[in-house]
Amino acid sequence: MLAIDASAPNPAPLKAALRLGSATAPNGDTLGANARYLTRNGAPWLPVMGEFHYSRTPASQWEAELRKMKAAGIDIVASYVMWNHHEEVEGKFDWSGNRDLRRYVQLAARAGLDVVVRVGPWAHAEVRYGGIPDWVVNAMPTRANDPQYMMFVERLYQQIGQQIKGQLWKDGGRVIGLQLENEYNLDGPGKGAAHIAALKKLALKAGMDVPYYTVTGWDGTIYPTGEVTPVFGGYPDEPWGVSTKELPPKETYAFRFDTRVSGDLGAQTAAHAPGTAETDKDVTPFLGAEYGAGLPFMYRRRTVVSADDIASMLPVQLGSGVNLMGYYMFHGGRNPLSLGGTGMEESTLSGGYNDTTMISYDFQAPLGPDGQQRKVLEKLRPFHLFLHDFGSRLAPMTVRKPEVSPAKPDDLSTARFAVRSDGDRGFLFVNNHVRQYPMAAQKGTQFAVQLQGQSMTLPSKPVDIADGAYFIWPLNLDLDGTNLHYATAQPLTLLDQGKAGVVAVFAASAGVPVELSFDASARVSLAGAAGAAGAQIATAGGHTLITGVQPGAGAAMTVQRDGQRPLTIVVLTPEQSQQLSVVQLAGQRRLLLSADQAYVDGNALQMRSVGDSKFRFAIYPALAAAPKATTTAAAWAAATRAGAANAAVRPSAAASPAAAANSATGVAPGRAAARAAAQTAVPSNAGANAAGDAPAATVAVRAGGNDGIFQVFEASLPASEVKASITPTRAAQEAAAIVIGGTAKAAIQPLPENFKAAGAWQISIPRHQLKGLDDALLQIDFVGDIGRLYAGTRLLDDWYYSGYQWQIGLRQQAALLDQPLTVSVLPLRADAPIYLPREARPDFGGAKQIATVRGVSVIPVYQLRVTP
């Protein structure tokens, strides 16, 4: 019996020690904050924020990718503005193409996303010098109130201010926040709080007046109290670490009751005293910005994370009091090259603490660099649905500590749980997953929760909570006026259908029987429910208890209420919950079940399937008529359409009139043009038949009957088989020994001239095989140290071997497919002092090194546009 007292009344939130910027929009909508949570129009607000770097992704993809993020449950998109991506040469700013911040912000607004702009000037982001241009680093002190440095920072901020002018919340736009600097724990004259205060003044001077100003709050961050609010994060491993072994269990998987900081987050500088965030925790809300939705691969430490490694952090963070669930990164990308064709990544060659890939910024993110949906997104989305519909109830609730909890993160036997409560109601958070470590199964478990005036024991009979389980259960949840005493299933969403009633959707917890306990006055009917076979209804102790429900799309039960509209309860299986989206389609919110990637574009449903030409989707409420569908294939012609160039390829600063107009004065290109642009509709390319694409073709949509309450549809496209040939062209030579050095005093990436030892293979992909496809993912299965993909001498992508699959979308490379591609593999030495996951460590068979390409495949990507 795991006991917790959650009965203490919820104190009123204190006033936040925070001076907001202009927080009222022209239509009267307001944003705010107190010491506990954010507010929107005066109501508690618990949004989800995801990082997506515009300058690491082709501009032609932005709109579709932003809509995918919205469909995944993201409310706010955040992005760094990387200074050296915009002003590589002093005074020559480039805001065109893949660097068009204004267009990116406008497209985010069109997709229904709020925006936080992380303006630096130092960003880190695994970029050379943290994003500060070489010409600045070489000439002056940085990250302090040096007059010369601040002059150039002011010019940068003025440029950013021009880019987002008219897009701020106060102007009716969606830019709601700025982050200043990053991981800033420097102290001394002209540093610390004084520097952050000076940056905020420059931001305001540049017109960047927004509701929220933030700084990262970990690793001893120093800032001026009241001027900014700290944001926090946590990662499931430390790729920036120096250990070549598995790390001890991370703090990220343990509930925190006394601190908001979750272990080492890889700050580049060392703090010498507790930061301001620790002393401010009672007067600032607990907001997240960098909870890892994945991890980067760094040369010396190549950590691979599973979907459960990431998703299991959510009950822990929310149960620890987080009131903004912010991720870094939610969408992967690729680094641009410099004007000279060299890398702009963080590396030990430029004095960086880490070595990172020159091009790839995959991050194992929920959305890959080419927009591919990964399993981790499916595991995260149920929590995002929960926060969308129940976050306003959770946000005011405070954290309650159980009678017994783990003393340290390496305690793998004591149950890990917490409750957030307002005294009468609450949510129970449970996590029994720790990356790379088996947790003790919690055998024969029940929870004894004390609320005001009542004691609650759940479930009714003891259950086993398996290693790897994690979930959120409701306590006294109000469902449209009916009290759900508790459920051993996680709330997902509420669908208000007006007079037709309310549908409450839950997800069963893996391995735990479903129980629903209502107040005794509730009259529950299981008639016609496919999941009702074996279900039982009993009344005892003032409650109606439903047990034995088999979860599934058909597990629907109705609660009849005198004088009230019906309440329908649907309990999905864990697998179905991972396929669930809530979409605005044909004039109302609907439930969508599909294993395919799906997002809404206007009044159409865009669907993508990787590797399978057959689509299946289920909708509730049913559509009035059968939908229509079309497919638009990419044009695999020799020339790509405008704007579709690889994000790793950068045009010269003078390649466009806008870029050429930039001058050493730092004036934004054409102020009159900028004002005109603010009044012009932003160009769209999501879901449209963009220039160069094949004409849309009609696709038959078949009714697939019903799955419980869901209306099922199916459609098929012609299947494509794409075969790539691979031919060895150069044998690998003996690789040089890996050097220990750098500021980390650990393994550093081989010098460029050492790549002469790489073996090479030629890849040929017949263009005609790609006809009819939306995209195709080239997947390269190699074993070695570092892989690089070239078209001629042009580097397209690169990869540190880790056992994680390397993929690259070919749609953005269509112009290059008339020539063979080349993959080169630098041998991995058997004595390499680097960390690799156990399952990825190769068998050298007594050899000193290994460099091989085990295979190359091309995975077709199909697209379907469904219109009700």
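Residues numbered from 1 in each chain as written. Predicted model: local features only at pLDDT ≥ 70, side-chain atom pairs only at ≥ 80, totals over all residues. Heavy atoms only, no water.

A few words now on the overall build of the chain. Secondary structure assignment for the chain yields 13 helices and 50 strands. Radius of gyration (C-alpha) of the chain: 27 Å, near the 29 Å computed for a compact globule of 868 residues. A total of 868 residues make up the chain; the buried ones form 62% of that total. A fraction of 75% describes how many contacts in the chain between residues 6 or more apart in sequence connect residues 24 or more apart. When the 77 positive and 75 negative side-chain charges of the chain are each reduced to one mean point, those points stand 4 Å apart. (Helix = DSSP H or I, 4+ residues; strand = E, 2+ residues; numbered from the N terminus. Rg over C-alpha atoms; globule rule 2.2 N^0.38 Å. Buried < 20%, exposed > 50% of the residue type's maximum accessible area, 1.4 Å probe, protein only. Contact = heavy atoms within 4.5 Å. Lys, Arg positive; Asp, Glu negative; His and termini not counted. Charge placed at Lys NZ, Arg CZ, Asp CG, Glu CD.)

With that settled, the discussion passes to the nonpolar core. Membership of the largest hydrophobic core comes to 133 residues, with the highest contact counts inside it found for Tyr157, Ile160, Phe330, Phe506, Leu516 and Ile569. With 8 residues, the single largest contributor to this core is helix H10 (residues 375-394). Among all residues touching isoleucine 569, those that are not within four sequence positions of it are Leu479, Ala504, Phe506, Leu516, Phe518, Ala555, Ala556, Met557 and Val559. Val583, Ile765, Leu796 and Trp806 belong to the second largest nonpolar core, which has 67 residues in total. (Core = buried A, V, L, I, M, F, W, Y, C linked by side-chain atoms within 4.5 Å.)

Here the focus is the sheet that holds strand E25 (residues 523-525). In space, the 5 strands of this open sheet follow the order E22-E23-E29-E28-E25, with mixed pairing throughout. Bordering the open sheet on either side are strand E22 (489-496) and E25, each of which pairs with just one other strand. Across the sheet, the mean angle from the axis of one strand to that of its neighbour is 25 degrees, orientation sign disregarded. (Pairing = 2+ DSSP bridges. Axes fitted to C-alpha atoms, helices over the stretch in contact; angles between N-to-C directions.)

Let us now look at empty space enclosed by the protein. What the rule picks out here adds up to 12 cavities of 30 Å³ or more. Considering only enclosed or pocket space, the second largest cavity measures out at about 170 Å³ in volume. Only strand E5 (48-51), strand E6 (76-80), strand E7 (114-120), strand E8 (175-180), strand E9 (212-216), strand E10 (229-234) and strand E11 (287-292) provide two or more residues apiece to the lining of the second largest cavity. Broken down by element, the residue count for the lining of the second largest cavity peaks at 4 residues, all from E8. A breakdown of the residues in the lining of the second largest cavity according to their chemical character gives 12 nonpolar, 4 polar and 2 charged. (1 Å grid on protein atoms, 1.4 Å probe; cavity = no way out; pocket = protein on both sides within 12 Å on 5 of 7 lines; lining within 4 Å. Points joined across faces, edges and corners; volume = space filled by probe spheres on them. Nonpolar A, V, L, I, M, F, W, Y, C, P; charged D, E, K, R; others polar.)

We now examine helix H1 (residues 62-71). For the α-helix, the turn length of 3.6 residues means that residues three or four positions removed from each other point alike. Most of H1 sits out of view: 8 of its 10 residues are buried. The set of residues buried in H1 consists of Trp62, Glu63, Ala64, Glu65, Leu66, Arg67, Lys68 and Met69. Looking at the buried positions of H1, the neighbouring elements they touch are E5, E6, helix H3 (101-110), strand E32 (597-601) and strand E33 (604-610). Phi for glycine 73, located one or two positions after H1, is positive at around 100 degrees.

Another point: the pairing of strand E28 (residues 556-560). Note that E25 and E28 share 3 bridges and pair antiparallel. For serine 525, the partnering residue across the bridge sits in E28 and is threonine 558. In terms of strand pairing, E28 meets strand E29 (residues 567-572) through 4 bridges, oriented antiparallel. Note on E29: the bridge partner recorded for threonine 558 is threonine 568.

Among the secondary structure elements, threonine 573 is positioned in the loop between E29 and helix H11 (574-578). When neighbours within four sequence positions are excluded, threonine 573 is seen to be in contact with Pro551 and Gly552.

It is worth spelling out unusual backbone geometry at this point. Note the cis peptide between glycine 120 and proline 121, where omega equals 15 degrees. Note that proline 121 resides in the loop between E7 and helix H4 (134-137). A positive phi angle, near 55 degrees, is found at aspartate 480, a position not held by glycine. Among the structural elements, aspartate 480 can be located in the loop between strand E20 (470-479) and strand E21 (482-487). Aspartate 480 sits in the partly exposed class, given a relative accessible area of 27%.

Our next topic: the packing of aromatic side chains. All chains considered together, the criterion is met by 29 aromatic pairs. Look at tyrosine 54 and tyrosine 104: their rings are 5.3 Å apart centre to centre, the planes differ by 40 degrees, and that puts the pair in the tilted class. Here tyrosine 54 is found in the loop between E5 and H1, whereas its partner tyrosine 104 is found in helix H3, with 50 residues between them in sequence. The same class applies to tyrosine 54 as to tyrosine 104, namely buried. These aromatic residues form a ring-pair network of at least three members: Phe297, Phe782, Trp799, Tyr801, Tyr804 and Trp806. The ring of tryptophan 45 carries arginine 40 above its face, with NZ or CZ at 4.7 Å from the centroid. We note arginine 56 situated over the ring of tyrosine 361; from NZ or CZ to the ring centre the distance is 3.5 Å. (Phe/Tyr/Trp six-rings, centres within 6.5 Å; stacked < 30°, edge-to-face > 60°. Lys NZ or Arg CZ within 6 Å of the ring centre and 35° of its normal.)

Another aspect to go through is the sheet that holds strand E19 (residues 454-465). The strand order E1-E18-E19 describes an open sheet built from 3 strands, whose pairing is mixed. In this open sheet, the two edge strands, each paired with only one partner strand, are strand E1 (2-5) and E19. The sheet shows a mean angle of 15 degrees between the axes of neighbouring strands, direction not considered. Both E1 and strand E18 (residues 442-451) contribute to a ladder of 4 bridges, which runs parallel. Residue pairing in the sheet places leucine 2 in a bridge with phenylalanine 447 of E18.

It is worth spelling out the pairing of E11 at this point. Counting buried residues in E11 gives 6 out of 6 residues, a clear majority hidden from the surface. Relative to E11, E10 runs parallel, the two being bridged by 4 bridges. Counted as the bridge partner of glycine 233 is glutamate 290 from E11. The pairing of E11 with strand E12 (residues 325-328) spans 2 bridges and is parallel.

Moving on, we come to helix H5 (residues 147-163). Spanning 17 residues, H5 covers 24 Å between terminal C-alpha atoms, matching the ideal 24 Å at 1.5 Å per step. Judged by how many residues are buried, H5 sits mostly within the fold: 12 of 17 residues are covered. Buried within H5 are the following residues: Tyr149, Met150, Phe152, Val153, Arg155, Leu156, Tyr157, Gln159, Ile160, Gly161, Gln162 and Gln163. Contacts made by the buried residues of H5 are with helix H2 (83-86), H3, E7, H4, E8 and helix H6 (192-205). Between a side-chain oxygen at the N-terminus of H5 and the backbone nitrogen of glutamine 148 the separation is 3.1 Å; the capping residue is aspartate 146. (Expected span 1.5 Å × (residues − 1). Polar contact = N/O pair within 3.5 Å; in protein donor to acceptor, adjacent residues only side chain to side chain.)

With their axes 9 Å apart at the nearest point, H5 and H6 run at an angle of 40 degrees to one another. Compared by their axis directions, H5 and H6 come out oblique. Crossing hand, H5 versus H6: right-handed. Residues Tyr149, Met150, Val153, Glu154, Tyr157 and Gln158 of H5 form the contact with H6, whose participating residues are His195, Ala198, Leu199, Leu202, Ala203 and Lys205. (Parallel < 35°, antiparallel > 145°, perpendicular 65-115°, else oblique. Left-handed = near helix turned anticlockwise from the far one by under 90°.)

Another aspect to go through is the pattern of salt bridges. All told, the structure shown has 42 salt bridges when counted by the stated rule. Arginine 67 is the salt-bridge partner of glutamate 63, the closest N and O atoms lying 3.2 Å from each other. Linking glutamate 63 with arginine 67, this pair stays in helix H1, spanning 4 residues, or about one helical turn. Among the residues examined, glutamate 63 registers a relative accessible area of 1% and is labelled buried. Two residues, glutamate 290 and arginine 118, come together in a salt bridge whose shortest N-O distance is 3.0 Å. Taken together, the positions of glutamate 290 in strand E11 and arginine 118 in strand E7 put the pair 172 residues apart, joining distant regions of the chain. When its relative accessible area of 4% is taken as the criterion, glutamate 290 is described as buried. What you see here is one network of salt bridges that share partners, running through Glu63, Arg67, Arg110, Asp601 and Arg865. (Salt bridge = Lys/Arg side-chain N within 4 Å of Asp/Glu carboxyl O.)

Read these as spatial facts, not as claims about activity.
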